[in-house]
Amino acid sequence: MVHINTKLGQIKGFVTDDQLSEYASKVESTFKTIYDKSGAGSDFLGWVTLPSEINDGFIQDIKNQADILREKSEIFVVVGIGGSYLGARAVIEALSHQFAPFISRKGETQVVYAGHNMSEEYMVELLELLDNKDYSMAVISKSGTTTEPAVAFRILKNHIEKKYGKEEAKTRIVAITDKERGALKTLADNEGYKTYVVPDDVGGRYSVLTPVGLLPIAVAGIDIEQLVKGALEVERYCQDNKNADNEVAKYAIARQALYHQGKTNEIMVSYEPRLHYIAEWWKQLYGESEGKDGKGIFPASDTFTTDLHSMGQYIQEGLRNLFETVISVKNPTKEIRIPLADNDLDQLNYIAGRRLSEVNQTAETATILAHVDGGVPNIVLEIPEISATIIGEMIYFFEMACALSGYMLEVNPFDQPGVEAYKKNMFALLGKKGLEDRAAALKERL
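Remember, predicted model here, so these are calculated numbers, not experimental data.

> An account of the packing of helix H5 (residues 86-95) against helix H17 (residues 388-408) is requested, with residue identities and associated values reported.
One way to put it is that H5 packs onto H17 with a least axis distance of 10 Å and a crossing angle of 150°. Relative to H17, H5 is oriented roughly antiparallel. As H5 runs across H17, the sense of the crossing is right-handed. Within the contact between the two elements, H5 uses Val 91, Ala 94 and Leu 95 and H17 uses Ala 388, Ile 391 and Ile 395.

> How would you explain the packing of helix H1 (residues 17-24) against helix H13 (residues 247-259) if you had to name every residue and give the values?
It is the contact of H1 with H13, at a shortest axis distance of 9 Å, that shows an interaxial angle of 120°. Considered as vectors, H1 and H13 are oriented oblique to each other. Viewed along their axes, H1 and H13 form a crossing whose handedness is right-handed. Mapping the contact onto sequence places Gln 19, Leu 20, Tyr 23 and Ala 24 in H1 and Ile 253, Ala 254, Gln 256 and Ala 257 in H13. A per-class count over the contact of H1 with H13 returns six nonpolar, two polar and no charged.

> Break down the sheet that holds strand E6 (residues 194-197) for me, citing the residues and quoting the values.
Spatially, five strands are ordered E3-E2-E4-E5-E6 in an open sheet, and the strand pairing comes out parallel. Edge strands, defined here as strands with exactly one partner in the open sheet, are strand E3 (110-114) and E6. Recorded for the sheet is a direction-independent mean angle of 20° between the axes of neighbouring strands. Sheet topology note: the strand E5 (residues 173-177)/E6 ladder contains four bridges and is parallel. Note on E6: the bridge partner recorded for Val 174 is Lys 194. The strands touched by helix H4 (residues 56-72) are strand E2 (75-79), strand E4 (135-140), E5 and E6; relative to E6, the strand with the most contacts, the crossing angle is about 140°.

> Give me the sheet that holds strand E8 (residues 298-303): which residues, what numbers.
Across the sheet, five strands lie side by side as E1-E10-E9-E7-E8; this open sheet has mixed pairing. Two strands in the sheet have a free side with no partner beyond their single neighbour: strand E1 (5-7) and E8. Strand-to-strand twist of the sheet, defined as the mean angle between neighbouring strand axes without regard to direction, takes the value 20°. Running at roughly 160° to strand E9 (residues 322-329), helix H16 (residues 356-373) makes contact with E9 and strand E10 (378-383) of the sheet.

> Outline empty space enclosed by the protein, supporting the account with residue identities and numerical values.
This model, assessed by the stated rule, comprises two cavities of 30 Å³ or more. Estimated volume of the largest cavity: approximately 50 Å³. Taken together, Tyr 271, Glu 272, Ile 327, Ser 328, Val 329, Pro 332, Ser 357, Asn 360, Gln 361 and Glu 364 make up the full set of residues lining the largest cavity. Elements with a contribution of two residues or more to the lining of the largest cavity: E9 and H16. With four residues, the single largest contributor to the lining of the largest cavity is H16. Broken down by class, the residue content of the lining of the largest cavity amounts to four nonpolar, four polar and two charged.

> Can you lay out a nonpolar patch on the surface for me, pointing to particular residues and giving the numbers?
On the surface, Phe 99, Phe 102 and Ile 103 cluster together into a nonpolar patch covering about 370 Å² of accessible area. In this structure, Ile 103 sits in helix H6 (residues 100-103).

> Explain the nonpolar core to me, and be specific about the residues and the numbers.
Core analysis: the largest hydrophobic core is formed by 96 residues, its most contacted members being Trp 47, Tyr 251, Ile 391, Phe 398 and Met 400. The element contributing the most residues to this core is H17, with 14 residues. If we skip the residues at most four places from it in the chain, Tyr 251 touches Thr 6, Glu 266, Met 268, Trp 282, Tyr 286, Thr 325, Ile 379, Leu 381, Phe 397, Phe 398 and Ala 401. Ranked by size, the runner-up nonpolar core spans 23 residues in total, among them Val 77, Ala 114, Leu 126 and Phe 153.

The rules behind each value
Just so you know, the residues in each chain are numbered from 1, in the order the chain's sequence is written. Reporting in this predicted model follows two pLDDT cut-offs: at least 70 for local features of residues, and 80 or more for side-chain atom pairs to be given and counted; totals over whole chains, interfaces and linings ignore these cut-offs and use all residues. In computing side-chain properties, one takes all heavy atoms of the structure into account and sets aside hydrogens as well as water. Axis geometry follows a simple rule: fit a line to the C-alpha atoms, using only the stretch in contact for helices, then measure angles between N-to-C directions, giving values from 0 to 180 degrees. Every helix listed is a DSSP run of H or I at least four residues long, and every strand listed is a run of E at least two residues long, numbered separately from the N terminus. In what follows, roughly perpendicular refers to angles from 65 to 115 degrees, roughly parallel to angles under 35, roughly antiparallel to angles over 145, and oblique to any angle outside these ranges. Less than a right angle of anticlockwise turn of the near helix away from the far helix marks a crossing as left-handed, whereas a clockwise turn marks it as right-handed. Contact definition: two residues touch when any of their heavy atoms are within 4.5 Å. Three classes are used, and their members are as follows: Ala, Val, Leu, Ile, Met, Phe, Trp, Tyr, Cys and Pro are nonpolar, Asp, Glu, Lys and Arg are charged, and the others, Gly among them, are polar. Should DSSP find at least two bridges between two strands, the strands are regarded as paired. Detection works on a 1 Å grid of protein atoms alone, calling trapped sets that fit a 1.4 Å probe cavities and calling open sets with protein on both sides within 12 Å along at least five of seven lines pockets, with lining residues defined by an atom within 4 Å of a point. Grid points are joined across faces, edges and corners, and a volume is the space filled by probe spheres set on the points. Exposure above 30% relative accessible area and the absence of a salt bridge qualify a residue for a patch, where like charges join within 9 Å and nonpolar side chains (Val, Leu, Ile, Met, Phe, Trp, Tyr) within 5 Å. Residue exposure ignores everything except the shown protein chains as possible cover, and the areas themselves are Shrake-Rupley values with a 1.4 Å probe. By definition here, a salt bridge exists when the distance from a side-chain nitrogen of Lys or Arg to a carboxyl oxygen of Asp or Glu is within 4 Å. Throughout, nonpolar core names a set of buried Ala, Val, Leu, Ile, Met, Phe, Trp, Tyr and Cys residues whose side chains join them through atoms within 4.5 Å. Type-normalised accessible area, obtained with a 1.4 Å probe on protein chains alone, sets the label of each residue: buried when under 20%, exposed when over 50%, and partly exposed for intermediate values.

Interpretation note: all reported values are geometric properties and have no functional meaning in isolation.
Quick look at the structure:
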């Protein structure tokens with residue numbers, strides 16, 4: 001059973017039934033393209049059956065390694081960028097106590113991140129933290145030469161070896177990389193690090209259910225079995241329902257219908273701050289998958305009600321090229337009620353005794369109606385609660401919807417050629433050998 005309900009009532013008036021039917025008619029053939037591996041980028045469809053291929057032995061190995069690292073570490077550093085860290089961070093922040101670093105108890109390990117930027121100040125302050133904490137790390141890269149994580153790992157490797165000695169440092173470093181080749185694979189073999197494989201047929205932004213995501217998530221103390229179980233439910237559901245009534249397909253259909261009516265920007269909205277990084281992961285997934293060939297929906301995100309006090313005005317009355325996708329959580333897992341005040345100076349006694357979640361959900365309903373009235377259609381993805389199983393469902397839901405949507409858009413949803421442009425310029429300007437002519441041409445433009 002799938003627990004994500006795709007509700008399209010608030011896009012009526014923006015797209016017609018005929019326009020939805022145009023994309024609905026493509027669903028079965030698009031599912032066939034995915035399952036037959038007959039479309040562009042078909043070498044990167046390993047994620048489609050990944051949940052059902054994860055066996056108990058693999059899960060236990062990940063959990064055992066996580067236990068070893070937790071035993072050694074107050075801090076666990078995830079060194080990676082893009083899909084090599086966003087999926088893990090999304091799950092960890094969705095399912096951890098939101099103030100965990102301030103209330104952590106003995107035996108709990110906090111996860112931090114490196115290699116996702118090149119800020120000198122960030123790295124120096126991270127090292128200041130690690131100077132005074134026991135730590136271990138995972139370095140995640142297929143090639144081992146992606147600039148940001150490679151630079152960060154070079155610095156952290158130097159730090160951890162100085163702190164613990166080379167032999168002990170080896171036991172605190174895990175490499176998640178290519179099965180056979182690449183700079184990181186070679187280094188890991190030479191140094192004797194514990195290694196896990198990034199499957200050849202799974203791209204970085206689809207890799208959260210591989211060791212890339214599962215090891216850091218397990219180190220954070222989250223139940224990876226339930227996470228995989230949720231993803232497996234949606235995998236089986238899609239196998240059994242390759243039609244336009246599929247909840248995943250309904251989301252893909254609605255996005256494409258809205259896009260072709262001029263709604264070119266999608267804002268992922270939630271009313272729970274713990275879902276912030278789910279939206280960040282979603283932005284990479286959809287931005288890299290669809291943004292090519294001069295096409296694609298621009299993915300953005302907001303956390304309400306916070307961002308209603310910064311972006312609400314624009315959404316309500318700005319350029320009408322927007323639509324919103326709202327993750328609606330029906331059952332919060334914790335409860336607090338609004339107290340009665342003696343003087344009622346803030347004039348809130350009319351909601352005294354009510355749960356704060358009731359007020360939050362009412363704000364959600366009111367905002368959806370206001371934005372629709374203002375010309376912004378809303379897709380609502382309703383989930384029962386935030387749990388490991390439901391987050392697992394959401395991961396696979398968004399991955400499959402992305403593949404469907406990308407193929408409907410007639411792009412390759414599994415490559416990202418555009419991300420190389422800045423790298424070539426950066427390498428040239430830094431003086432990499434063989435790029436002198438490019439560097440000279442760039443400097444003339446500055």
